[in-house]
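Survey of secondary and tertiary structure
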Amino acid sequence: MTDKISFADPDFQGRIDTLVDGRRGVDVDVDDVVRSILEDVQKRGDQAVLECTERFDRLALDGPTAMRIDHAEIDAAKSECSTDTIAALEHAAGRIEVYHNKQMPQGFDYTDDDGVRLGSRWTAISSVGLYVPGGTASYPSSVLMNAVPAKVAGVDRLVMVVPTPDGVLNPLVLAAASIAGVDEIYRIGGAQAVAALAYGTKTIPPVDKIVGPGNAYVAAAKRRVFGVVGIDMIAGPSEILIVADAENDAAWIAADLLSQAEHDTDAQSILICDDEDFGDAVMASVEDQLAVLPRADIARESWKTYGAVVIVATLDDAVPLIDRLAPEHLELAVADPESLSAKVRNAGAIFLGRYTPEAIGDYIAGPSHVLPTSRSAKYSSGLGVPDFLKRTSIIGCDAAAASKITGSAEILADEEGLAAHARSLSIRHNKS
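Sequence order as written defines the numbering, with residues in each chain counted from 1. Only residues with pLDDT of at least 70 get local features here, since the model is predicted, and only at 80 or more are side-chain atom pairs given and counted; chain-wide, interface and lining totals rely on the full set of residues. Heavy atoms from the whole structure form the basis of all side-chain values; hydrogens and water molecules are not counted.

A few points about the overall build of the chain
Under the DSSP-based scheme used, a helix requires at least four consecutive residues in state H or I and a strand at least two consecutive residues in state E, with every element numbered from the N terminus. Within the chain one finds 17 helices and 14 strands. Seen along its three principal axes, the alpha-carbon backbone of the chain occupies a region of about 80 × 60 × 45 Å. The buried label applies to any residue whose accessible area, calculated with a 1.4 Å probe on protein chains only, is under 20% of its type's maximum; exposed applies above 50%, and partly exposed to all values in between. Relative to its 432 residues, the chain shows a buried fraction of 47%. Working rule for contacts: check all heavy atoms of both residues, and any pair within 4.5 Å makes them a contact. Taking the contacts inside the chain whose residues are at least 6 apart along the sequence as the reference set, 74% of them involve residues at least 24 apart.

If you want it as structure tokens, here you go:
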């Protein structure tokens, strides 16, 4: 049953601790299965991927070349989509591109007081694999939110893998990939697709980094191939935390809570408010809206199992709880969201004011909706251009500059017992 926790409750702090520390979406142990799949793909390549695709997706492909989705199929998929939907995707892609262009970091190059040239430059990762969940319930918005930042960063080769169980694929996913500039698309999924991207096969050359969400098998595979390739993050169930005052329309806030609850039964939706009557009104509106919501079974289980309404004395009392929860999405539906936002340290994305629902960030605002979950906003950020770049340091000395700094370096090398390091320094220092 959905928790209502009031600051007036004698066990308020204990119940808050339970809310913060509760674990959601604990995966079954799939590691042995994933390890076996990865080893098989590493050993047998395309044939192992084809066999896994037939076994798990019930799709028998006519040889390795059939894994790739060609331009004709992509064009045919786009033609199935309405012009309004294509226009909406293009509108979203344009906004995402503009926002991420502003994320491009600048290098620097200078000569310090000792005459040493120092700098830093950014270069794009050469090749990136994008995992996209498949079937009819897949999300073209996620394609844009992953692929557009990669292309803005300058990734040369962007490879998308998407499972097509029983051969079914949402045409909008292919349309979004085309709009975003994805270079290659393969109709494979699961741990076998992660393995193909990481290790490469005769048909699918390996990539340098893998991004994108997936099920427990995909998450476990990403963990295992990390080090062979880079990964973005291991995403957990979606979550939203809304701080709202009583001046809001309770139905609006209820709709926002349900916008995350409908994702998954393990999703979490929490409201913090300073008026118990308003909290009760929101809970009543949630029940009313569940009666007509198409994904009501999923949303209801999420709301009843993990949902919570927390009543605080003042809205400022919400700040420590926000930072403990470190939510993926934080809505500040209050009269002065700016001042409250300035006090918050931990959140994946902050939505300011009553007219900025989280759903606007899912589709059209501009920042990627790929955000840290499961309290990881305490130490990580949402996906962006820097995730597709790497930084290289630049160091340069002439004889005069080297003579000013190698003496101290020699001392440190000797102290560490690294004689060859010291000699590498002294042999130049003594000749300068």
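Still more ground to cover, so stick around.
Structural notes on helix α16 (residues 399-415)
One fewer than the residue count of a helix, multiplied by 1.5 Å, yields its expected span. When the terminal C-alpha atoms of α16 are compared, their 24 Å separation across 17 residues agrees well with the 24 Å that a helix rising 1.5 Å per residue should span. The largest bend along α16 measures about 40° and falls at Ile405. Residues of α16 that are buried include every one of Ala401, Ala402, Thr406, Glu410 and Ala413, and no others. For α16, the secondary structure elements touched by its buried residues are α17 (419-429). After α16 finishes, the residue Gly417 shows a positive phi value of roughly 75°. To get the bend at any residue, fit one axis to the seven residues that end at it and another to the seven that begin at it, then take the angle between the two axes.

Some details on the environment of Glu184
Along the polypeptide, Glu184 turns up in strand β6 (residues 184-186). By relative accessible area, Glu184 is classed as buried at 12%. If near-sequence neighbours (up to four positions away) are discounted, Glu184 is found in contact with Arg68, Arg157, Leu158, Val159 and Met160.

A closer look at the packing of helix α5 (residues 83-101) against helix α6 (residues 140-153)
Two packed helices can be described by the angle between their axes and the distance between those axes. One can describe the packing of α5 onto α6 by two numbers: an axis separation of 9 Å at closest approach and a directional angle of 35°. With respect to the hand of their crossing, α5 and α6 are arranged in right-handed fashion. Of the residues in α6, those touching α5 at Leu89, Ala92, Ala93, Ile96, Glu97, His100 and Asn101 are Pro140, Leu144, Met145, Val148, Pro149 and Val152. In terms of residue class, the contact of α5 with α6 is built from ten nonpolar, two polar and one charged. Axis angles are defined between N-to-C directions and span 0 to 180 degrees, where every axis is a line fitted to C-alpha atoms and, for a helix, only to the segment in contact. In this scheme the handedness of a crossing depends on how the near helix is turned from the far one: anticlockwise by less than a right angle means left-handed, clockwise means right-handed. Charged residues are taken to be Asp, Glu, Lys and Arg, nonpolar residues to be Ala, Val, Leu, Ile, Met, Phe, Trp, Tyr, Cys and Pro, and polar residues to be all remaining types, Gly included.

Considering helix α9 (residues 216-225)
The element α9 is extensively covered by neighbouring structure, given that seven of its ten residues are classed as buried. Among the structural elements, α2 (31-44), β4 (127-131), α8 (190-199), β7 (209-211) and β8 (230-231) are those in contact with the buried residues of α9. Capping the start of α9 is the job of one residue whose side-chain oxygen sits 3.0 Å from the backbone nitrogen of Tyr217: Asn215. Of the residues flanking the end of α9, it is Gly227, one or two places downstream, whose phi is positive at about 110°. Any N or O atom pair separated by 3.5 Å or less is treated as a polar contact, with the protein-specific requirement of one donor-capable and one acceptor-capable atom, and with residues adjacent in sequence counted only for side-chain atom pairs.

Quick look at the pairing of strand β13 (residues 349-352)
Of the two faces of β13, only one is covered, namely that formed by Ala349 and Phe351; the face formed by Ile350 and Leu352 stays uncovered. As judged from the four bridges shared by strand β12 (residues 329-333) and β13, these two strands associate in the parallel manner. In the strand pairing of β13, Glu331 is matched with Phe351. Pairing between two strands is assigned when DSSP locates at least 2 bridges connecting them.

Quick look at the pattern of salt bridges
Close approach of charged atoms lets side chains of opposite charge pair. Note on definitions: salt bridges are taken to be side-chain nitrogens of Lys or Arg within 4 Å of carboxyl oxygens of Asp or Glu. Inspection of the entire model under this criterion finds 18 salt bridges. Asp31 is the salt-bridge partner of Arg224, the closest N and O atoms lying 2.9 Å from each other. Placement of the pair is Arg224 in helix α9 and Asp31 in helix α2, with a sequence separation of 193 residues. Salt-bridge contacts for Arg117 lead to Asp109; the nearest nitrogen and oxygen are separated by 2.5 Å. What makes Arg117 partly exposed here is its relative accessible area of 41%.

A word on the sheet that holds β8
The strand order across the open sheet built from five strands is β6-β5-β4-β7-β8, with neighbouring strands paired in parallel fashion. Looking at which strands have only one partner, the edges of the open sheet turn out to be β6 and β8. With three bridges connecting them, β4 and β7 associate as parallel partners. Across the sheet, residue Val128 finds its bridge partner in β7, namely Lys209.

Description of the side chain of Asp256
Within the secondary structure, Asp256 sits in helix α10 (residues 250-261). With no salt bridge to any partner, buried Asp256 finds its closest opposite charge in Arg354, at an N-O distance of 10 Å. Asp256 has contacts with Ile240, Ile242, Glu331 and Pro357, leaving out every residue within four places of it along the chain. Only four residue types enter the tally: Lys and Arg on the positive side, Asp and Glu on the negative side; His and the chain ends are excluded.

Focus on the nonpolar core
The nonpolar core is taken to be a set of buried Ala, Val, Leu, Ile, Met, Phe, Trp, Tyr and Cys residues, with the residues joined through side-chain atoms within 4.5 Å. Ranked by internal contacts, the top residues of the largest apolar core, which has 41 residues, are Leu144, Met160, Ile185 and Phe388. Elements represented by at least two residues in this core include exactly α4 (71-80), α5, β4, α6, β5 (157-161) and α7 (171-180). Here this core gets eight residues from one element, more than from any other, and that element is α6. When neighbours within four sequence positions are excluded, Phe388 is seen to be in contact with Thr123, Ala124, Ile125, Val128, Asn146, Pro149, Ala150, Ala153, Val155, Val211 and Leu383.

Remarks on the sheet that holds strand β2 (residues 108-111)
If you trace the three strands from one edge of the open sheet to the other, you get β2-β3-β14, paired in antiparallel fashion. Unpaired on one side and paired on the other, β2 and β14 (389-396) mark the two borders of the sheet. Ignoring strand direction, the axes of neighbouring strands in this sheet form an average angle of 15°. Judged from the four bridges that link them, β2 and strand β3 (residues 117-124) form a sheet pairing that is antiparallel. Its bridge partner lying in β3, Tyr110 is registered against Leu118.

Description of the packing of α16 against α17
Closest axis-to-axis distance for the α16/α17 pair is 8 Å, and the angle between their directions is 155°. As the angle between them shows, α16 and α17 are arranged roughly antiparallel. For the crossing formed where α16 meets α17, the hand is left-handed. Across the interface between the two elements, Ser403, Thr406, Ala409, Glu410, Ala413 and Asp414 from α16 touch His421, Ala422, Leu425, Ser426 and His429 from α17. Partitioned by chemical class, the residues of the contact of α16 with α17 number four nonpolar, five polar and two charged. Angles are sorted into four bins: roughly parallel if under 35 degrees, roughly antiparallel if over 145, roughly perpendicular if 65 to 115, and oblique for all others.

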